[in-house]
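# Coordinate inspection notes
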Amino acid sequence: MKPDVLLAVPIYPATMEALDRLYAVHRLFEAADPAAFLGGVADKVRAIVTSGGAGADAALIAALPKAEIIACFGVGYDAVDLGAARARNIAVTNTPDVLTDDVADLALGLIIDAARRISRGDRFVRAGKWLQGGLELGTALRGRRLGIVGLGRIGLAAARRAEACGMFVAYHGPRPKPEAPYPYVADLVELARRSDVLVLTLPGGTGTRHLVNAEVLAALGPKGTLVNVARGSVVDETALLAALQSGALGAAALDVFADEPRVPPALLAMENVVLQPHVGSATHETRAAMGQLVLDNLAAHFAGQALPTRVA
Ligand code: 8YV
């Protein structure tokens, strides 16, 4: 008999097809009445497949008393209630490494877009404004200072790309990384003060919630740019809006938001803001590789083998 798997949200189509071949898949996102749906599968679901954004909260975990594993289609697992999983000895897996380059590419793309106004130029041409004159000048990347918040795999990959553009890199995190070839700045406000562009590549979750607050944004300053490819939760979005509106912060380029897919309407009207619909890992190649890791973790679990990418 195929093991029963709850699929919380849609993921990469080919991965969903593979799940259908290998497991009895129950699609929570298609249920008209999710609570009744969960009640109907509670006595058989042994695995939960979810995304980085959707995760699995305590209520979902409690609703599935036979769950043994939560396989997260994403590197970030901050939306999984690890305490609830641990209390039931439920394994949690994620999809590290395979998405590092894509997320770093997007971070670089956002850095370049904010400085060189690519999206803005696109809107300008489409609106026919070029006929009246050229776009305002942008800012060179060469020689500008990049602050990375969270020098993990993605932060390091973003740093290398920025260096190739002639930027100077420094970083902040919970502790210095002796192997890192960049200066460590223990105080985030100080890093923001010393940066022209601040890129967020740190994990989300309660430990980093609103780490980027009004003080950090003010330190980044009227000529500074905030780039977020991490989680919306790490930024105090109200403070970000206020800083952009008052001119205390120069620009922002955001792939993630506090309440996705809802984006604060005030941001939509700002020309100095670049907006993306959480697409850091959104390429065919990477989503396929992420899906394969989900499948590999499930297969290992049901075969009683060590999980390839277990986080908890
Ligand atoms: C995905 C992500 O957008 O890896 C993460 O943590 O946020 C993303 O790669 C998401 O998990 C796919 O829906």
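Structure: see above.
My aim in this report is to walk through the structure given alongside it, one point at a time. (Residues numbered from 1 in each chain as written. Predicted model: local features only at pLDDT ≥ 70, side-chain atom pairs only at ≥ 80, totals over all residues. Heavy atoms only, no water.)

## Some points on the packing of aromatic side chains
- All chains considered together, the criterion is met by two aromatic pairs.
- Seen from their ring centres, Tyr23 and Phe302 are 5.6 Å apart, and the 45° between their planes marks the pair as tilted. Of the two residues, Tyr23 sits in the loop between helix H1 (13–22) and strand S2 (24–27) while Phe302 sits in helix H12 (residues 284–302), which places them 279 residues apart along the sequence.
- The exposure class of Phe302 is partly exposed, given its relative accessible area of 23%.
- Ring plane angle 55° and centroid distance 5.3 Å describe the contact between Tyr171 and Tyr184, whose orientation is recorded as tilted. Here Tyr184 lies in the loop between strand S7 (168–172) and helix H8 (188–193) and Tyr171 lies in strand S7, a separation of 13 residues in the sequence.
- Residue Tyr171 is classed as buried on the basis of its relative accessible area of 2%. (Phe/Tyr/Trp six-rings, centres within 6.5 Å; stacked < 30°, edge-to-face > 60°. Helix = DSSP H or I, 4+ residues; strand = E, 2+ residues; numbered from the N terminus. Buried < 20%, exposed > 50% of the residue type's maximum accessible area, 1.4 Å probe, protein only.)

## Examining the pairing of S2
- In this sheet, S2 lies alongside strand S1 (residues 4–7) in parallel orientation, the contact comprising four bridges. Looking at S2, one finds that Val5 is bridged to Val25.
- The parallel pair S1 and S2, bridged by H1, forms a crossover whose chirality is right-handed. (Pairing = 2+ DSSP bridges. Right-handed = clockwise from strand over helix to strand, strands pointing away.)

## Observations regarding the site of the ligand
- Taken together, Ser51, Gly52, Phe73, Gly74, Val75, Gly76, Leu99, Arg231, His278, Ser281, Arg287 and Met290 make up the full set of residues near the ligand.
- Tallied by class, residues from the shell around the ligand come to four nonpolar, six polar and two charged. (Near = heavy atom within 4 Å. Nonpolar A, V, L, I, M, F, W, Y, C, P; charged D, E, K, R; others polar.)

## Overview of the side chain of Thr201
- Mapped onto the secondary structure, Thr201 falls in the loop between strand S8 (197–200) and helix H9 (214–220).
- For Thr201, a relative accessible area of 12% gives the class buried.
- Polar side-chain contacts of Thr201 include one of 2.7 Å to the backbone oxygen of Gly150.
- Setting aside residues no more than four positions away along its own chain, Thr201 makes contact with Ile148, Val149, Gly150, Ile154, Gly155, Val229 and Ala230. (Polar contact = N/O pair within 3.5 Å; in protein donor to acceptor, adjacent residues only side chain to side chain. Contact = heavy atoms within 4.5 Å.)

## Notes on empty space enclosed by the protein
- One pass over the full model with this rule turns up one cavity of 30 Å³ or more.
- Size it by volume and the largest cavity reaches roughly 30 Å³.
- Around the largest cavity, the lining residues are Asn228, Gly232, Val235, Glu237, Leu240, Leu254 and Val256.
- When grouped by side-chain class, the residues that make up the lining of the largest cavity number four nonpolar, two polar and one charged. (1 Å grid on protein atoms, 1.4 Å probe; cavity = no way out; pocket = protein on both sides within 12 Å on 5 of 7 lines; lining within 4 Å. Points joined across faces, edges and corners; volume = space filled by probe spheres on them.)

## Brief notes about the pattern of salt bridges
- Counted by the stated rule, this structure contains 16 salt bridges.
- Linking Arg27 and Asp20 is a salt bridge whose minimum nitrogen-to-oxygen distance equals 3.0 Å.
- A relative accessible area of 19% places Arg27 in the buried class.
- The salt bridge involving Arg120 is made with Glu271; its shortest N-O contact spans 3.9 Å. You can see Arg120 sitting in helix H6 (residues 118–126) and its partner Glu271 sitting in the loop between helix H11 (265–268) and strand S11 (273–275), a full 151 residues away along the chain.
- By relative accessible area, Arg120 is classed as buried at 16%.
- Since its relative accessible area comes to 39%, Glu271 is described here as partly exposed.
- Within the structure, one salt-bridge network assembled from shared partners comprises Arg117, Arg120, Arg123, Glu136 and Glu271. (Salt bridge = Lys/Arg side-chain N within 4 Å of Asp/Glu carboxyl O.)

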